[in-house]
Amino acid sequence: MITEGRVQAGDEITLTRKGPEELSVADTDALLYLPDRDPTTLRKALNIPALSPGWQQSFRELAAAQQPRQEPGWPGERAATQQPREEPGWPGFKTMRVGRIVPETPTVSSIYLDSTDGTPLPEARPGQYLSLRLVVGDTAPAVRSYSLSSVPTAGTYRISVKHENHGKVSSYIHATLCPGDLVEVASPRGTFVLEEGTRPIVLISAGIGVTPVLAMLHQLAATRDARPVWWIHTAHDVAHHAFADEAHTLLSQLPNAHEHIYYTAADELAPHPEPHIAQGRPTAQSLMALGIPTDADAYLCGPTTFMDDLGGFLTEHGLRPERIHTEQFSALPAINPGVTPTAAIRPHQPIGPTGTGPLITFARSGITTPWSPAHASLLELAEACDIPTRWSCRTGVCHTCITHLVAGDITYTTPPLERPERGTVLVCCSRPTTEVVLDL
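Residues numbered from 1 in each chain as written. Predicted model: local features only at pLDDT ≥ 70, side-chain atom pairs only at ≥ 80, totals over all residues. Heavy atoms only, no water.

Concerning the overall build of the protein chain
Secondary structure summary: the protein chain contains 9 helices and 19 strands in total. In the protein chain, which comprises 440 residues, the proportion classed as buried is 46%. If you take every contact in the protein chain between residues at least 6 apart in sequence, the share linking residues at least 24 apart comes to 65%. Here the protein chain displays about 22,300 Å² of accessible surface, and carbon together with sulfur accounts for 53% of that area. (Helix = DSSP H or I, 4+ residues; strand = E, 2+ residues; numbered from the N terminus. Buried < 20%, exposed > 50% of the residue type's maximum accessible area, 1.4 Å probe, protein only. Contact = heavy atoms within 4.5 Å. Areas by Shrake-Rupley, 256 points an atom, 1.4 Å probe, with all protein chains shown as cover.)

Next comes the structure, spelled out in structure tokens:
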């Protein structure tokens, strides 16, 4: 058994087992830090389960940028192209008009956003989200991200927002926002998207986490997709089950769909007349009984513990980890090599004198603060705010810290070994030149 501990000079090294690809440490290290990578060796690295999440993410980013011709079954598989896929949209934020607001449950409302000039909106990929910048009170503008909850029409996007008891922005949306109001919106973005292919699809959600997978279901129904689809949703009770009828109707339009609903409220524990509705929460045993194929692609969205538990159940069932996709709108889990995990601290304003530079907004963490040259990089500012950070090399080499740049411009203090894709930034070696909004 291998356990965590200290390693020092003179300790004996024992080979316990060999990985599936048998790459040496030198070969793996060269893939990350040296140019002219061999595509075959990079493909092998993508199949090493023992690599840390940070290294795995770095190799996926490198593979996406390299875009060699891919074979079916390669982790991160996408259609082969000569260049990385360019996301449609507009730079920064643009003004959109609230067309209408539709209550879905006592705590969830859908907001329909229209273009102000009647021009067609860019087509979003099912599963992507919008970032809204709203002026709430006298504080700096707040930025929040909400999944598109349906396939966009030519001139309208739909998002659906849950009213959180202590949520400043969600309270404003539910109590103050009205049809006709103007809001600032960043173009659709996000990598939690429905991929094309032939493998079965599993869509799993809890609560308001239904929104991105509902957009995926809209896409599947619109094309009458022939793939088997499992729709698995957990809600508190019937009254708080958002989009129940909408999802049921969409599933009826698919040739091979399976619907399974779980209600967790104590007063919902009586046997339900509908066979696809059960009481309690999904378990490893109940998921196994649903007949989910082990070669399926799974998409999960909900509370972090829910996704961790369900993702673990699916892995135990036999699904490959790289085919289990998750979406998280709170701060992303940290990837900090060599740093011992500590108790989570709520993100906050940095300690010390207030900066005088452009405003920096960390959209997932809900923090907006002025830039100060006391910080060497955007990553250091995030760390000063106790925002969970993702880094490995801190010198622009490994791409672990790659982050979506929602708005603004940056400059690199240390030129990265390879530039990230358009619309993203390496926060470990960059500083702002204008106001910046980061998906962090």
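Anyway, onward from the coordinates.
Digging into the packing of aromatic side chains
If you walk through the whole model with that rule in mind, you get 1 aromatic pair. Taking 6.0 Å as the distance between ring centres and 70° as the angle between the ring planes, the aromatic pair formed by Phe192 and Tyr299 counts as edge-to-face. You can see Phe192 sitting in the loop between β6 (182-189) and β7 (201-206) and its partner Tyr299 sitting in strand β11 (residues 297-301), a full 107 residues away along the chain. For the pair formed by Phe192 and Tyr299, the shared burial category is buried. It is Arg100 that lies over the ring of Tyr112; its NZ or CZ is 3.9 Å from the centre. (Phe/Tyr/Trp six-rings, centres within 6.5 Å; stacked < 30°, edge-to-face > 60°. Lys NZ or Arg CZ within 6 Å of the ring centre and 35° of its normal.)

Description of the pairing of strand β15 (residues 402-407)
Burial analysis of β15 places 5 of its 6 residues in the buried class, which makes it a mostly covered element. Summarising the sheet, β15 and strand β17 (residues 424-426) pair through 3 bridges and their orientation is antiparallel. The residue of β17 that forms the bridge with His404 is Thr424. Pairing geometry for β15 and strand β19 (residues 436-438), over 2 bridges, is antiparallel. (Pairing = 2+ DSSP bridges.)

What about the pattern of salt bridges?
Taken as a whole and assessed by the stated rule, the structure comprises 8 salt bridges. The salt bridge partner of Glu184 is Arg133, with a shortest N-O separation of 3.1 Å. Of the two residues, Glu184 sits in strand β6 while Arg133 sits in strand β3 (residues 129-134), which places them 51 residues apart along the sequence. Here Arg199 makes a salt bridge to Asp297, at a shortest N to O gap of 3.2 Å. Of this pair, Arg199 sits in the loop between β6 and β7 while Asp297 sits in strand β11, and the two are 98 residues apart along the sequence. (Salt bridge = Lys/Arg side-chain N within 4 Å of Asp/Glu carboxyl O.)

Points about the sheet that holds β6
The pairing of strands in a sheet comes from backbone hydrogen bonds and takes either a parallel or an antiparallel form. Spatial strand order, β4-β3-β6-β1-β2-β5: 6 strands in an open sheet with antiparallel pairing. Because the sheet does not close on itself, it has two edges, and the strands there are β4 (142-147) and β5 (156-162). Averaged over neighbouring strand pairs, the angle between their axes works out to 40° when direction is ignored. Sheet topology places strand β2 (residues 108-115) next to β5; 7 bridges connect them, and they run antiparallel. Across the sheet, the residue bridging to Ser110 is Ser160, located in β5. (Axes fitted to C-alpha atoms, helices over the stretch in contact; angles between N-to-C directions.)

A few points about the state of the cysteines
When the sulfur atoms of two cysteines share a covalent bond, that bond is a disulfide. Tallied over the entire structure, the rule returns 0 disulfides. There is no disulfide at Cys429, and the cysteine sulfur nearest it, in Cys428, is 4.0 Å away. (Disulfide = S-S within 2.5 Å.)

A word on the side chain of Ser115
Following the sequence through the fold, Ser115 ends up in strand β2. At 3.4 Å, the side chain of Ser115 and the backbone nitrogen of Gly118 are in polar contact. Reaching out from Ser115, the side chain makes a polar contact with the backbone oxygen of Thr119 at a distance of 3.1 Å. Beyond its immediate sequence surroundings of up to four residues, Ser115 is in contact with Met96, Arg97, Leu121 and Gly155. (Polar contact = N/O pair within 3.5 Å; in protein donor to acceptor, adjacent residues only side chain to side chain.)

Notes on the nonpolar core
Judged by nonpolar contacts, the single largest core of 25 residues is most densely connected at Leu203, Val213, Leu214, Leu217, Trp231 and Tyr299. Secondary structure elements with two or more residues in this core: β7, α5 (210-222), β8 (229-235), α6 (244-252), β9 (257-263) and β11. Per-element accounting of this core gives the leading share, 7 residues, to α5. What Leu214 contacts, discounting residues up to four positions off in sequence, is Ser149, Arg158, Trp231, Phe243, Glu246, Ala247 and Leu250. Listed in part, the 23 residues of the second largest apolar core include Trp391, Val427, Cys429 and Leu440. (Core = buried A, V, L, I, M, F, W, Y, C linked by side-chain atoms within 4.5 Å.)

Some remarks on the sheet that holds β8
Spatially, β10-β9-β8-β7-β11-β12 is the arrangement adopted by the 6 strands of the open sheet, whose pairing is parallel. Bordering the open sheet on either side are β10 (277-279) and β12 (324-327), each of which pairs with just one other strand. Mean inter-strand twist for the sheet, computed between neighbouring axes without regard to direction, equals 15°. Contacts from helix α8 (residues 304-317) reach β7, β8, β11 and β12 within the one sheet, and its direction differs from that of β11 by about 160°.

So, α6
One turn of the α-helix equals 3.6 residues, which is why residues spaced by three or four share an orientation. Of the positions making up α6, those classed as buried are Ala247, Leu250 and Leu251. Mapping the buried residues of α6 onto a view down its axis gives an arc of 100°, with all of them on the same face. Exposed side of α6, more than 90 degrees from the buried face: Asp245 and Ser252 are the residues found there. Those residues of α6 that are buried lie in contact with α5, β8 and β9. (Arc of directions from axis to C-beta.)

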